[in-house]
Amino acid sequence: MRRTLLILSVVILSGVLGTRALGQSLNTNAQLALVGGSIYASPTEEPIRNGVILIDGDKIVAVGRRASVRVPRGINVIDCTGLTITAGFWNSHLHFLERKWSDAATLPASELSRQLQTMITQYGFTSVFDTWSMWENTRRLRDRIESGEIAGPRIRSTGEATFPKGAPANPQMQMATQAAWGALGFMPLERMQIPRVADASEAIEAARKLLDQGTDGLKLYAVTPGRNGVALPDSVIQALVKEGHSRGKPVFAHPTSAAGLMASVRAGVDVLAHTTPQSGPWDESVLAAMTQAGVALIPTLTLWRYELRHEGISLADGLEATAVGQLRAWVLARGEVLFGTDVGYMTAYDPTEEYALMAEAGMTFPQILASLTTAPAERFGASKQLGRVAPGVAADLTILRNDPSKDIRALAAVQYTIRDGKVIYRSSR
Ligand SMILES: [Zn+2]
């Protein structure tokens, strides 16, 4: 008898859930409806034309064709006719290094909010991974967003990156002085607690300190960029990976060279933060090592021309072509790609060209959409809440003016950015 009751209640329950998933009723609590757009629920599904999304609080409660989803009367409706809707985008490589983010705890909310729009949310990003900045400052920025004071994206951060001992005072770039760094508009390096480590025990100490302070991952420079690059010993990279993984946190590597890439991959880093065009094309052995390690790649194809913006144009052409070739080879090897641009170090924020170059490297629209949604959500352990448009997941949505399956540049033309059911960016166009 008890078993019969149990079966009966399961049947009833699944019936209720089924109806709810189809959105035909029980949506009386929904407060917001997106009506009339083409919905790419995931990169692998055909779009739902003339669709409806119902949102209750911070969650999606129904997704379907307009004919099958009843929109409760009296709720807020955003007319999405002619627009394209996807899950909220991730930018898995950016920084809060520019001076304008300094003093995030005390900057006026309106100012921070506008800065977040300019760099992030106007391009549809609802989740970002800050792959090094001043952690104490970035944490305060995040706290103000999470408290609801400021409209902004979900921020994950590695905090300060770990560098080899003996690296130049200005660790990110070729210029050796902190003054040069400051002249470029970045916040003072002396305010940051940048670990410079010589051996595994120093690396473990630095990693534990960062992770204890609440960072979401670790970032290391396998080899520093520029002339006379300094490398981290293999044992240090291995120690950092072990420490990150012991807390269930991803480890990002700035590879710089072929040697830095191989050392990172062999040590088991989760994400290569860049291609390495300075190394020349990736051969079979490099690709095999990457594939075997199951690493994810952030291409940052636009960065290379930007880095050489003051040099002869043919140099930039060559570097960009090599980077595009590396991504092409990686995609052919079925490697995982995460979208990321390095904005916040790079001051050109518009991702349009990055999308165009990814397409030039042979990535299809579904593959690029995956790099913006499902791939990072899975890689960073958030696939139950983020990365898809489905009942029960967070209402993080990017609404585009045009269909990116027809022109990939449409991914950068955003009409609305919605996070947790709230519009955090709305285009004035
Ligand atoms: Zn970067």
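Since we're looking at a predicted model, the values are computed, not measured.

As a note on interpretation, predicted positions should not be read in detail where pLDDT is low. Scored by pLDDT, the protein has a mean of 92; 91% of the residues are at 70 or more. Counting interchain partners and residues more than four positions distant, the pLDDT-below-50 stretch residues 1-25 has 16 contacts.

Turning our attention to the sheet that holds strand S14 (residues 296-297). A sheet is described by the order of its strands in space; here five strands give the open sequence S11-S12-S13-S14-S15, paired in parallel fashion. Looking at which strands have only one partner, the edges of the open sheet turn out to be strand S11 (218-221) and strand S15 (336-337). As judged from the two bridges shared by strand S12 (residues 251-254) and strand S13 (residues 271-272), these two strands associate in the parallel manner. By the bridge assignment for S13, alanine 253 is matched with leucine 272.

What follows concerns the pairing of strand S1 (residues 32-40). Within S1, nine of the nine residues are buried, leaving the element largely enclosed by the surrounding structure. Relative to strand S4 (residues 76-79), S1 is paired through four bridges, and the arrangement is parallel. Paired with leucine 32 across the two strands is asparagine 76, which belongs to S4. Pairing between S1 and strand S2 (residues 48-56): six bridges, direction antiparallel. Considered in S2, the bridge of alanine 33 is made with leucine 54. With three bridges joining them, S1 and strand S5 (residues 84-87) adopt parallel strand pairing. Residue isoleucine 39 lies in a different strand from S5, and its bridge partner there is isoleucine 85.

For the zinc ion, every protein donor is listed as His93 (NE2), His95 (NE2) and Asp342 (OD), and the spread of their distances is 2.0 to 2.1 Å. Written as a sequence motif, the donor residues of the zinc ion are H-x1-H-x246-D. Residue histidine 93 is found in strand S6 (residues 89-94), and its partner aspartate 342 is found in the loop between S15 and helix H11 (352-360); the two are separated by 249 residues along the sequence. Aspartate 342 shares its class with histidine 93; the two are buried.

The tally for this structure, following the rule as stated, stands at 19 salt bridges. One salt-bridge network, held together by shared partners, links Glu146, Arg154, Asp396, Arg419 and Asp420.

In an α-helix, one turn spans 3.6 residues; hence positions three or four apart end up facing the same way. All buried positions along helix H8 (residues 284-293) are accounted for by Val286, Leu287, Ala289 and Met290. Across the axial projection of H8, the buried residues extend over an arc of 160°, all falling on one side. Exposed positions of H8 whose direction lies more than 90 degrees from the buried face are Glu284 and Gln292. As for H8, its buried residues are in contact with helix H7 (258-267), S13 and helix H10 (313-332). A positive phi of about 65° marks glycine 294, the residue just after H8.

Attention now moves to the sheet that holds S6. One open sheet holds the three strands; their spatial order is S6-S7-S8, and the pairing between them is parallel. With one partner strand each, in any of the chains shown, S6 and strand S8 (154-157) form the two edges of the open sheet. On average, each strand axis in the sheet is inclined to that of its neighbour by 20°, with strand direction left out of account. Where S6 lies against strand S7 (residues 125-130), four bridges are found, and the strand directions are parallel. Each bridged residue has a counterpart across the sheet, and for phenylalanine 89 the counterpart in S7 is phenylalanine 125. Packed onto the sheet, helix H3 (residues 135-146) meets S7 and S8 and runs at close to 160° relative to S8.

Time to look at the nonpolar core. Counting 93 residues, the largest nonpolar core has Trp132 and Tyr355 as the members making the most contacts within it. The element best represented in this core is H10, accounting for seven residues. Counting residues in each nonpolar core, the second largest holds 22 residues, with Leu32, Ala395, Ile399 and Ile418 among its members.

When we look at burial in H11, the residues that qualify are Glu354, Tyr355, Ala356, Leu357 and Met358. Elements in contact with the buried residues of H11: S6, S7, helix H9 (301-307), H10, S15 and helix H12 (365-372). Trailing H11 by a residue or two, glycine 362 shows a phi angle of about 100°, which is positive.

Right, let's get into the pairing of strand S16 (residues 397-400). What you see with S16 is no split at all: Leu397 and Ile399 on one side and Thr398 and Leu400 on the other are buried throughout. Alignment of S5 against S16, held across four bridges, turns out to be antiparallel. Bridge pairing in S16 places threonine 84 opposite leucine 400. Looking at chain direction, S16 and strand S17 (residues 414-419) are connected through four bridges and run antiparallel. Each bridged residue has a counterpart across the sheet, and for isoleucine 399 the counterpart in S17 is tyrosine 416.

What counts, and where the lines are drawn
Residues numbered from 1 in each chain as written. Predicted model: local features only at pLDDT ≥ 70, side-chain atom pairs only at ≥ 80, totals over all residues. Heavy atoms only, no water. pLDDT = per-residue confidence, 0-100. Contact = heavy atoms within 4.5 Å. Pairing = 2+ DSSP bridges. Helix = DSSP H or I, 4+ residues; strand = E, 2+ residues; numbered from the N terminus. Buried < 20%, exposed > 50% of the residue type's maximum accessible area, 1.4 Å probe, protein only. Donors = N, O, S within 2.8 Å, 3.2 Å for Na, K, Ca; no water. Salt bridge = Lys/Arg side-chain N within 4 Å of Asp/Glu carboxyl O. Arc of directions from axis to C-beta. Axes fitted to C-alpha atoms, helices over the stretch in contact; angles between N-to-C directions. Core = buried A, V, L, I, M, F, W, Y, C linked by side-chain atoms within 4.5 Å.

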